[in-house]
Amino acid sequence: MPEIIGYAAVFQDQISSGGAFDEGNLRRQMERAAENPSPPWRQGKQRRKTGKREPKPELPPLDPPTQLTGDSLREAWQRYGVPSDGALIYPINLCDDGSVVTRDGEIIGTWSMDQYEAPSFTPDDAIIPLFEAPLVGLLCMRIREWHESKTGEKL
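This is a predicted model, so every value here is computed, not measured. (Residues numbered from 1 in each chain as written. Predicted model: local features only at pLDDT ≥ 70, side-chain atom pairs only at ≥ 80, totals over all residues. Heavy atoms only, no water.)

Draft legend 1. Looking closely at the packing of aromatic side chains. Tallied over the full model, the rule gives 3 aromatic pairs. When the centroid spacing of 6.3 Å and the interplanar angle of 20° are considered together, the rings of Phe121 and Phe131 count as stacked. Residue Phe121 is located in strand β4 (residues 119-123), and its partner Phe131 is located in strand β5 (residues 131-132); the two are separated by 10 residues in the primary sequence. Judged by centre distance (6.4 Å) and plane angle (80°), the ring pair of Phe131 and Trp146 falls under edge-to-face. (Phe/Tyr/Trp six-rings, centres within 6.5 Å; stacked < 30°, edge-to-face > 60°. Helix = DSSP H or I, 4+ residues; strand = E, 2+ residues; numbered from the N terminus.)

See below:
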């Protein structure tokens, strides 16, 4: 039998050891363990077989998004862009002709959309898009930050 020399209360209102290390309880546990012909520590690891697993379905490879062209692109420009002949009220305006214009009227690049209607921005001096974003508003924010860092002036 182990010799218990003391115990510490775990909870503030605990006034006894709880009986786990009571000599009578320890003896009962030892007797039950001795009667068990196959205690857990002698059984070893046993895994239950749940049956044959079904093979995982193969997913088709993800196609990279393609840029919209023609009528689809013009429809997206009209849906998300502001009229290029109207007042430019935003710091960065995505116009319905595909141009990106600052509030001052400076054209700084073009914008387009892919088949999932995710917009992208291409500066005037670039061939490939510099930024892509999931939403038009996020693209405008990134363009604004890029333009302000490039020019050093606030829009």
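Draft legend 2. Looking closely at the pattern of salt bridges. In the structure shown here, the tally under the stated rule is 3 salt bridges. Close ionic contact of Arg74 with Asp71 constitutes a salt bridge, the shortest N to O distance being 3.0 Å. Taken as a pair, Arg74 and Asp71 lie in helix α3 (residues 70-80) at a separation of 3 residues, close to a single helical turn. Across the salt bridge formed by Glu148 and Arg144, the nearest N and O atoms sit 3.1 Å from each other. One end of the pair, Glu148, and the other, Arg144, are both in helix α4 (residues 136-151), 4 residues apart, so they sit about a helical turn from each other. (Salt bridge = Lys/Arg side-chain N within 4 Å of Asp/Glu carboxyl O.)

Draft legend 3. Structural detail: the pairing of β4. Burial within β4 is extensive, with 5 of its 5 residues counted as buried. The alternating pattern of β4 places Pro119, Phe121 and Pro123 on one face and Ser120 and Thr122 on the opposite face, and all of these are buried. As paired strands, strand β3 (residues 107-113) and β4 are joined by 5 bridges and run antiparallel to one another. Counted as the bridge partner of Gly109 is Pro123 from β4. In this antiparallel pair of consecutive strands, β3 and β4, the connection spans 5 residues, and Glu117 shows a positive phi of 60°. Bridge analysis of β4 against β5 gives 2 bridges, and the strand direction is antiparallel. By the bridge assignment, Ser120 is partnered in β5 with Glu132. (Buried < 20%, exposed > 50% of the residue type's maximum accessible area, 1.4 Å probe, protein only. Pairing = 2+ DSSP bridges.)

Draft legend 4. Representation of a negative patch on the surface. A cluster of like negative charges, contributed by Asp104, Glu106, Asp124, Asp125 and Glu153, occupies part of the molecular surface. Note that Glu153 resides in the segment after α4. Under the relative-accessibility criterion, Glu153 is labelled partly exposed at 42%. (Patch = residues over 30% accessible without salt bridge, like charges linked within 9 Å, V, L, I, M, F, W, Y side chains within 5 Å. Areas by Shrake-Rupley, 256 points an atom, 1.4 Å probe, with all protein chains shown as cover. Lys, Arg positive; Asp, Glu negative; His and termini not counted. Charge placed at Lys NZ, Arg CZ, Asp CG, Glu CD.)

Draft legend 5. Representation of the nonpolar core within the structure. Within the largest apolar cluster, 18 residues are counted, with the highest numbers of intra-cluster contacts made by Leu94, Val100, Ile108, Phe121, Leu139 and Ile143. Elements with a minimum of two residues in this core: α3, β1 (92-94), β3 and α4. With 5 residues, the top contributor of residues to this core is α4. For Phe121, the residues in contact, after removing those within four places along its chain, are Val100, Ile108, Gly109, Thr110, Pro129, Leu130, Phe131, Leu139, Ile143 and Trp146. (Core = buried A, V, L, I, M, F, W, Y, C linked by side-chain atoms within 4.5 Å. Contact = heavy atoms within 4.5 Å.)

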